[in-house]
Amino acid sequence: MRFVTHEESIYAIKELLEHVALREYTMLRSLEELRLPVVEPVGLVTERPPHADGERRGLVVTRFLQHSMPFRHVISRGVTVQQAHQLLDALAELLVNLHLAGFFWGDCSLSNALFRLDAGRYSAYLVDAETGEMHVSLSDGQRRHDLTIAEENVAGEFMDIQAGFGLPEGLDPIDLGAGLTSRYEQLWAELTREEVFAAQEQFRVDSRIKRLNELGSTSRSSTSKRSKGPQDPSARAGRRARASPAPPRGAHRPRRAGEPARRLLNDLDHFRAWQGGLEGRVIPEREAARRWLEEVYRPTLAAIPPEQAQS
């Protein structure tokens, strides 16, 4: 691995066997097209002269993610309890997003990701995709296998830290590996389950979004639709909405914000999910943002008495 600077940008150049380099570059391009959190592939070099051993090796060129750090740099001075849990939150969220898109990683670990700190939380981005496989969707067995690999890798990495730096009291490598699995399972369940609620139960949408925030999720795209038709037993109880916050393929958009901004984003997410349920369709994020600004935010500001409004 080498890093080079060109026109104020930093690029990472990784040498691999030619067929592996082609595979990794293709996989990164596919993940980038789905707008998933991965490093940006910018080049592939093949047909280089063979090495002394006769093997041909290719180069994968990626743009270094600004303000990001590899795991070893994050913990270069040791790891705190809070930091360890934040890193696990970020890695679990990354793995959930990849699985939702049908990507089997095959080597999920803290070392195969980059981490960017924003608003007190870490976001994780995939760096190494040479072992990955893209599917239309993953079976439960595939997900469990990938998660088992991740748990073992994370436990091993924290064992290395324990041997090199030591770990704070209360942190155990095996427990941390299991903690990744627990975080993943909670977030996966919250993102993939459907919930049916009555039209007057808007508070349940807010509660759902709050739970996702508590789990550290930035996967905030929501889908909802109105149940209808005599075949739907819920129709007898009046108008109801069915909501599932699972983001569609390519809908991942990491969003980090402080508490005031997070409240506005939560309100926007609630508005989008609720209006989608009333209209029986998934409202595009841009349309929802425009409507929320015109129908909710600006009228609210206009209703503030002049003497209480800030300049």
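As the structure is a prediction and not an experimental result, all values here were calculated from the model.

### Details of the overall build of the chain
Each helix and strand in the chain was counted, giving eight helices and 12 strands. For the chain, the share of sequence-separated contacts (at least 6 apart) that also reach a separation of at least 24 residues comes to 69%. Counting only carbon and sulfur atoms, one obtains 51% of the accessible surface of the chain, whose full area is about 16400 Å².

### A look at helix H4 (residues 140-164)
Taking 1.5 Å per residue as the helical rise, H4 with its 25 residues ought to reach 36 Å, and the 36 Å between its terminal C-alpha atoms agrees with that figure. Burial in H4 covers these residues: Arg-143, Asp-146, Leu-147, Ile-149, Ala-150, Val-154, Ala-155, Glu-157, Phe-158 and Ile-161. Looking one or two places after H4, you find Gly-166, whose phi comes out positive at around 90 degrees.

### A look at the sheet that holds strand S2 (residues 9-17)
The strand order across the open sheet formed by four strands is S1-S2-S4-S3, and the pairing between neighbours is antiparallel. Single-partner strands in this sheet number two, and they are strand S1 (2-6) and strand S3 (40-45). Each strand axis lies, on average, 30 degrees off the axis of its neighbour in the sheet, ignoring direction. For S1 and S2, the ladder comprises five bridges, and the chain directions are antiparallel. Opposite His-6, over in S2, you have Ser-9 as the bridge partner. Seen against the sheet, helix H1 (residues 18-33) touches S2, S3 and strand S4 (57-63) and runs at an angle of roughly 155 degrees to S3.

### Some words on unusual backbone geometry
One non-glycine residue with positive phi stands out, namely Glu-7, at about 50 degrees. Note on placement: Glu-7 falls in the loop between S1 and S2. Exposure remark for Glu-7: the relative accessible area of 68% places this residue in the exposed category. Look at Glu-47: it is not a glycine, yet its phi comes out positive at around 55 degrees. Structurally, Glu-47 is set in the loop between S3 and S4. Here Glu-47 falls in the exposed class, since its relative accessible area comes to 69%.

### Quick look at the pairing of strand S7 (residues 113-118)
Regular strands show a simple pattern: their side chains alternate between the two faces of the sheet. Across three bridges, the pairing between strand S5 (residues 68-70) and S7 is antiparallel. Paired with Pro-70 across the bridge in S7 is Leu-114. Pairing analysis gives six bridges linking S7 to strand S8 (residues 121-126), with the strands arranged antiparallel. Of the residues in S8, the one forming a bridge with Leu-117 is Tyr-122. Counting the residues between successive antiparallel strands, the hairpin from S7 to S8 contains two residues, one of them, Ala-119, with a positive phi of roughly 55 degrees.

### Some points on H1
Its 16 residues place the ends of H1 23 Å apart at the C-alpha level, agreeing with the 22 Å of an ideal helix rising 1.5 Å per residue. The first or second residue beyond H1 is Arg-35, which carries a positive phi of 60 degrees.

### Here's the deal with the packing of aromatic side chains
Scanning all chains against the criterion turns up five aromatic pairs. The interplanar angle of 10 degrees and the centroid separation of 6.0 Å between the aromatic rings of Tyr-184 and Trp-188 together place this pair among those described as stacked. Pair noted here: Tyr-184 and Trp-188 are both in helix H5 (residues 173-192), with a separation of four residues, about one helical turn. Trp-188 gets classed as buried once you look at its relative accessible area, which sits at 18%. The ring of Trp-188 has Arg-143 lying over it, and the distance from NZ or CZ to the ring centre is 4.0 Å.

### Here we look at the nonpolar core
Formed by 53 residues in total, the largest nonpolar core has its most connected members in Leu-91, Trp-105, Phe-115, Leu-126 and Phe-158. Mapped onto this core, the elements with two or more residues apiece are H1, helix H2 (71-74), helix H3 (81-100), S7, S8, H4 and H5. If you tally residues by element for this core, the top one is H3, at 11 residues. Every residue in contact with Phe-158, bar those within four places of it in the chain, is listed here: Ala-84, Leu-88, Leu-110, Leu-167, Pro-173 and Leu-176.

### Side note on the confidence of the model for the chain
The predicted model of the chain averages 79 in pLDDT, with 75% of residues at 70 or higher. By mean pLDDT, strand S11 (residues 223-227) is the weakest element of the chain at 45, and strand S6 (residues 103-104) is the strongest at 96. Within the model, the stretch residues 218-239 combines pLDDT values under 50 with 64 contacts to residues more than four positions away or in other chains.

Definitions and cut-offs
- Residues numbered from 1 in each chain as written.
- Predicted model: local features only at pLDDT ≥ 70, side-chain atom pairs only at ≥ 80, totals over all residues.
- Heavy atoms only, no water.
- Helix = DSSP H or I, 4+ residues; strand = E, 2+ residues; numbered from the N terminus.
- Contact = heavy atoms within 4.5 Å.
- Areas by Shrake-Rupley, 256 points an atom, 1.4 Å probe, with all protein chains shown as cover.
- Expected span 1.5 Å × (residues − 1).
- Buried < 20%, exposed > 50% of the residue type's maximum accessible area, 1.4 Å probe, protein only.
- Pairing = 2+ DSSP bridges.
- Axes fitted to C-alpha atoms, helices over the stretch in contact; angles between N-to-C directions.
- Phe/Tyr/Trp six-rings, centres within 6.5 Å; stacked < 30°, edge-to-face > 60°.
- Lys NZ or Arg CZ within 6 Å of the ring centre and 35° of its normal.
- Core = buried A, V, L, I, M, F, W, Y, C linked by side-chain atoms within 4.5 Å.
- pLDDT = per-residue confidence, 0-100.

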